[in-house]
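# Residue-level structural notes
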Amino acid sequence: MSTATPPSTAPSPAAGSAKVSPKGTAPASSPAKRPGLIRTAWGHGRTKIGVVLAGLVVLIALVGPLVSPFSPTEFIGTPNSTDVDGSLFGTDQFGRDVFTRFLHGGYTLISIAVTSALAGVLLGAVLGIVAGYLRGKTDEVIMRANDMMLAFPQLVLALLVMSIIGPKVWLIMVLIAVSHASRVARVAREATRKVVEQDFVKAAEAIGVPRARIMAAEILPNITSPLLVELGLRITYSVGLIATLSFLGMGLQPPTADWGLMINENRVAITVQPWAVALPVAAVAILTIGANLITDGLSRASIGIDRGVEK
Amino acid sequence: MTRLILHRLFYGLLTLFVVSLVVFLATQALPGDAAQAMLGREATPERLAALREQLHLNEPLAVQYGSWIAGIFTFDLGTSYAANMPVVEHLAPRVTASLSLMAIAALVATPIALLLGAYSAMRRDRAMDHGTSMVTLILAAIPEFAVGILLILAFATGALQLFPAVYAGRADNVLNDPSQLVLPVATLVIAVSPPIIRMMRASMIEVLESEYVQQARLKGLPERTVILRHAGPNAIGPVAQVIALQLGWLAGGVVAIEYLFRFPGIGLALMDAIDTRDIPVIQAVALLIAVVYIVVNLLADVVGLAANPKVRVSSR
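Residues numbered from 1 in each chain as written. Chains lettered and ligands numbered in written order. Predicted model: local features only at pLDDT ≥ 70, side-chain atom pairs only at ≥ 80, totals over all residues.

On to the packing of helix H5 (residues 87-122) of chain B against helix H10 (residues 223-261) of chain B, then. Residue and element names in this part refer to chain B. Contact geometry for H5 and H10: axes closest at 10 Å, N-to-C directions at 145°. In this structure, H5 crosses over H10, and the sense of that crossing is right-handed. Mapping the contact onto sequence places Ser98, Leu101, Met102, Ala105, Ala106, Thr110, Leu114 and Ala118 in H5 and Gly232, Ala235, Ile236, Val239, Ile243, Leu247, Leu250 and Val254 in H10. Classifying every residue of the contact of H5 with H10 by side-chain character gives 13 nonpolar, 3 polar and no charged. (Axes fitted to C-alpha atoms, helices over the stretch in contact; angles between N-to-C directions. Helix = DSSP H or I, 4+ residues; strand = E, 2+ residues; numbered from the N terminus. Left-handed = near helix turned anticlockwise from the far one by under 90°. Contact = placed C-beta atoms within 7 Å. Nonpolar A, V, L, I, M, F, W, Y, C, P; charged D, E, K, R; others polar.)

What follows is the structure in structure tokens.
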């Protein structure tokens with residue numbers, strides 16, 4: 001664990017998936033300096049590959065809407081045709097430009113995924129730290145409630161709730177954040193338990209630092225590495241989950257241009273117009289692969305143990 | 001150890017209860033009346049009233065929950081409104097179909113994953129090991145429906161039209177035409193294997209560095225015997241838990257894959273039920289998946305405890 005890395009200097013992988021800077025860490029103040037987490041992670045070749053892959057897709061999602069040749073809901077030719085004048089990849093099931101919709105389809109997916117992952121990690125970290133530090137009854141209650149949350153596969157929980165309320169973007173974000181939180185809380189609690197044993201926490205307690213301050217100023221900065229790894233992992237999962245929900249028709253609704261939804265809408269015509277499916281699938285796949293490679297690099301740097309996506 | 005296992009079992013039961021409560025509350029008590037949701041635009045005051053009566057929506061929540069739970073124990077889960085038959089009858093062939101799919105996937109994935117993991121460990125830090133590690137990282141990251149579509153693009157369309165892209169057939173005879181099962185099974189195998197491979201590799205590496213393996217080698221046993229008799233069986237223990245967890249994941253993971261391939265299992269039944277707002281079916285499938293998931297996780301815990309010598313010996 002890099003005990004010298006205050007949370008503020010760790011750039012959030014939200015921006016990090018696009019441009020994790022190797023200069024982002026390692027405060028100069030600490031004398032016994034170990035290379036920062038991000039710098040160590042950057043040393044792994046796969047992190048660089050991950051940054052390039054995820055960065056490419058994020059770039060398409062961010063810049064795409066600005067440079068698209070048509071409007072995403074504009075009809076430009078006969079449906080499901082790969083041969084339309086002025087169109088790179090042809091038209092979709094309604095005669096809209098596939099390339100335009102592809103360029104527009106990532107922004108919402110990525111922003112929802114990153115937001116819900118951030119919210120989940122934040123909530124999970126708070127729960128985990130409180131449970132790990134206060135112990136006793138609080139710990140018991142939080143972790144038991146957690147176990148109940150973990151009893152549902154994330155996708156099934158989301159489908160269950162949305163089957164009645166209906167697919168809403170805020171609901172997707174809440175459900176994914178909450179189900180992430182219970183998984184993050186476990187990790188945060190384990191990490192907290194290790195930190196709590198150390199002398200500087202005991203010293204802070206001895207001089208009467210308030211407990212809330214100990215948790216925020218002593219414990220949190222010392223568990224940023226596992227939390228950062230967790231954030232990478234949760235972003236990977238979020239992208240997958242949200243794309244899956246959209247693919248199942250329970251995410252963003254038509255006529256939004258969205259990668260998951262595009263795959264759902266156009267898979268019937270996959271033989272005539274493969275691009276309308278292949279482009280978004282490739283984007284989702286490359287994005288998740290990139291995010292997972294970054295996560296793997298971070299986790300190797302943080303604990304030296306593999307911790308990629310497990311299903 | 002028995003006490004520890006009993007403890008887990010108790011929490012397992014408690015979890016089952018809470019999960020049933022969540023399934024029930026999510027579908028019957030959330031804002032947004034279930035009857036209204038089911039009838040949608042066809043709702044007239046009379047039909048709403050009739051359906052509320054039928055679903056017992058007018059009774060207190062506790063009574064509704066009680067009769068629903070009682071129904072589960074007598075295999076009476078209500079009537080499917082879309083299929084117009086008892087839910088149990090509607091779901092039974094689909095459960096069998098899904099289980100067949102999952103069983104085939106598990107039978108294919110487990111040995112392949114164990115062998116790959118063990119082989120990587122024996123070839124540690126060579127090209128083959130790095131290759132496997134990279135491929136598992138990549139495959140684990142891609143959402144399973146995307147893996148399925150990539151397989152469809154590669155093997156069901158374009159130049160290679162080896163297998164059908166979607167399943168055509170009924171739920172009660174899914175094993176009749178194996179070529180239709182190839183792509184869904186392959187997708188599931190790719191989805192569940194990576195963590196098993198990684199765990200097996202880690203476990204095998206640990207075992208290969210152990211003293212008893214060294215001893216066996218020093219004794220002059222052929223490497224084959226060392227691996228097959230000494231290292232292999234000991235390495236599998238810790239992996240069993242991961243395998244169990246992956247099988248639990250399958251229960252929820254089949255939803256997107258069945259939907260993609262139009263495979264007539266519980267996952268597709270769930271998606272169809274959501275489409276037609278067939279609440280009794282939604283409840284039954286969600287509960288079923290959660291129960292399988294919980295039970296498998298419980299088994300994984302027990303297996304994990306049993307495989308851990310510290311726990312086994314300390315005999316709490």
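Another point: the UniProt feature "domain: ABC transmembrane type-1" (unreviewed entry) in chain A. Mapped onto the present numbering, the UniProt feature "domain: ABC transmembrane type-1" (unreviewed entry) falls on residues 110-295 of chain A. With 81% helix and 0% strand, the stretch residues 110-295 of chain A has end C-alpha atoms that lie 16 Å from each other. (UniProt positions renumbered as here; feature names shortened; annotations may be inferred.)

Residues annotated in UniProt with the feature "domain: ABC transmembrane type-1" (unreviewed entry) correspond here to residues 95-300 of chain B. Between the C-alpha atoms that bound residues 95-300 of chain B the distance is 22 Å, and the span itself is 79% helix and 0% strand.

Residue and element names in this part refer to chain B. With 176 residues, the main nonpolar core has Val285 and Ala290 as its most contacted residues. Here the element with the most residues in this core is H10; it accounts for 19 residues. Once residues lying within four places of it in the same chain are set aside, the contact partners of Val285 are Ile266, Ala269, Leu270 and Ala273. (Core = buried A, V, L, I, M, F, W, Y, C linked by C-beta atoms within 7 Å. Buried ≥ 20, exposed ≤ 12 C-beta atoms within 10 Å, placed from the backbone.)

Every contact between the two is made by 40 residues of chain A and, on the other side, 46 residues of chain B. Looking at the side of chain A that touches chain B, the elements that each hand over two or more residues are helix H6 (136-150), helix H7 (154-165), helix H11 (224-247) and helix H13 (275-303) of chain A. With 11 residues, H13(A) is the single largest residue contributor to the side of chain A that touches chain B. Here the residues of the side of chain A that touches chain B sort into 26 nonpolar, 8 polar and 6 charged.

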